[in-house]
Amino acid sequence: MVDDPLLRTVDLEKHFGGVKALDGVSIEVEPAKVTMLIGPNGSGKTTLINVVGGALRPDGGKVLYRDEDITYLPPHERYRRGIVRTFQVPKPFRSLSVLENLLVASRAGLDTSAAKILLSTDWAKKEEELIEKAFRILELLNIDHLWDTRADQLSGGQMKLLEMGRALMSEPSLLLLDEPVAGVNPTLAHDIMSHIVKLRDEIGLTFLIVEHRLDITLQYVDRVYAMHQGRVISHGTPEEVMSDPKVVEAYLGD
Ligand SMILES: Nc1ncnc2c1ncn2[C@@H]1O[C@H](COP(=O)(O)OP(=O)(O)OP(=O)(O)O)[C@@H](O)[C@H]1O
Ligand SMILES: [Mg+2]
């Protein structure tokens, strides 16, 4: 028996001039699973992430999250509901330490209206709890030893882990990751994928990931959607999708 999907898109359309970036895209993302979007350059993967995260409005179709229609909700409202994205190019505060970056990310996610802060009698206690939470996340990602390192001193791969740590501070349910291992050396790339699987298994997080590096990532994911020219051309387990002649053809044809 398959769980109800956490996220569903129904017949999404997004046009840029004459280009149909999304041409009737319907996908289902199951809870506590890692779902991956693959496809040649320009097939619509990032556009789909942008429509799900709220950075782009679709021209047609729907985005349903926990059965709620969120198609036209602004990004911060999706964030409040637990939908958090990371960017292909991480954007940490470069002169802040790893720990400070997590604390800032968490404040950005809280309702920090001045009144609330002033009325809060236990602000210091909250601060302490946040630091503890940040350390738990850094430990989970095995970068706790770097807590005091400035973000601009991190390697590319460590930066990706910091980006994930920042996302985790908001206690997301669904993480949208655009190319989480792009430009990362193979050892650290496997490490990042193992952390994703660990977060899935230990805290039941749900992932929707875009990635080109199939050699490294496919072994870690549960479901795959293959896109080509704005359409889903195949979906299923990694084995099913990779042996689908339509997928092979789409890659060879581009
Ligand atoms: N803001 C935009 N303005 C105009 N065209 C766009 C815009 N964003 C995307 N497109 C076009 O839409 C199509 C899908 O682009 P998208 O970025 O979603 O592809 P992708 O699958 O993420 O590709 P890649 O693997 O190269 O990242 C492409 O033809 C692209 O040129
Ligand atoms: Mg892209």
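The rules behind each value
- Residues numbered from 1 in each chain as written.
- Chains lettered and ligands numbered in written order.
- Predicted model: local features only at pLDDT ≥ 70, side-chain atom pairs only at ≥ 80, totals over all residues.
- Heavy atoms only, no water.
- Helix = DSSP H or I, 4+ residues; strand = E, 2+ residues; numbered from the N terminus.
- Buried < 20%, exposed > 50% of the residue type's maximum accessible area, 1.4 Å probe, protein only.
- Contact = heavy atoms within 4.5 Å.
- Pairing = 2+ DSSP bridges.
- Axes fitted to C-alpha atoms, helices over the stretch in contact; angles between N-to-C directions.
- Expected span 1.5 Å × (residues − 1).
- Polar contact = N/O pair within 3.5 Å; in protein donor to acceptor, adjacent residues only side chain to side chain.
- Parallel < 35°, antiparallel > 145°, perpendicular 65-115°, else oblique.
- Left-handed = near helix turned anticlockwise from the far one by under 90°.
- Nonpolar A, V, L, I, M, F, W, Y, C, P; charged D, E, K, R; others polar.

### Re the environment of Leu 37
- For Leu 37, the position within the fold is in strand β3 (residues 34-38).
- A residue is classified by how much of its surface remains accessible, and Leu 37, at 0% relative accessible area, is buried.
- It is 9.4 Å that separates the C-alpha atoms of Leu 37 and Val 232, two residues lying 195 residues apart in sequence.
- Once you skip the residues sitting within four places of it in the chain, Leu 37 turns out to touch Lys 45, Leu 48, Ile 49, Leu 208, Ile 209, Val 210, Glu 211, Tyr 225 and Met 227.

### Section: the pairing of strand β9 (residues 223-228)
- Counting buried positions along β9 yields five of six residues, so the element is predominantly enclosed.
- The sheet contact formed by β3 and β9 spans four bridges and is parallel. In the strand pairing of β9, Leu 37 is matched with Tyr 225.
- Taken together, the five bridges between β9 and strand β10 (residues 231-236) define a ladder with antiparallel strand orientation. Bridge pairing in β10 links Tyr 225 to His 235.
- With antiparallel pairing between neighbouring strands as the criterion, β9 and β10 make up a hairpin whose turn holds two residues, including Gln 229 at a positive phi of roughly 50 degrees.

### Brief notes about the sheet that holds strand β1 (residues 7-16)
- Spatially, β2-β1-β4-β5 is the arrangement adopted by the four strands of the open sheet, whose pairing is antiparallel. Both edges of this open sheet fall to β2 (19-29) and β5 (68-69), since each of them pairs with a single strand only.
- Bridge count for β1 against β2 is eight bridges, and the pairing is antiparallel. Looking across to β2, one finds that Leu 12 is bridged to Val 25.
- Where helix α1 (residues 45-53) meets the sheet, its contacts fall on β1, β2 and β4 (60-65), and the angle it forms with β1 comes to roughly 115 degrees.

### Some details on helix α7 (residues 186-203)
- In this model α7 runs 25 Å from its N-terminal to its C-terminal C-alpha over 18 residues, within 8% of the 26 Å that 1.5 Å per residue would give.
- All of the buried residues in α7 are Leu 188, Ala 189, Ile 192, Met 193, His 195, Ile 196, Val 197, Leu 199 and Arg 200.
- At the N-terminal boundary of α7, the capping side chain belongs to Asn 185, with an oxygen 3.0 Å from the backbone nitrogen of Thr 187.
- Where α7 terminates, the next one or two residues include Gly 204, which has phi positive at roughly 70 degrees.

### Notes on the environment of Arg 80
- Its place among the elements puts Arg 80 in helix α2 (residues 75-80).
- A relative accessible area of 64% means that Arg 80 is categorised as exposed.

### Considering the packing of helix α6 (residues 156-168) against α7
- One can describe the packing of α6 onto α7 by two numbers: an axis separation of 9 Å at closest approach and a directional angle of 15 degrees. The angle between α6 and α7 falls in the class roughly parallel. Considering the relative orientation of α6 and α7, their crossing is right-handed. Listed contacts from α7 to Gly 157, Gln 158, Lys 160, Leu 161, Met 164 and Leu 168 of α6 are Leu 188, Ile 192, His 195, Ile 196 and Leu 199.
- Class assignment for the residues of the contact of α6 with α7 results in seven nonpolar, three polar and one charged.

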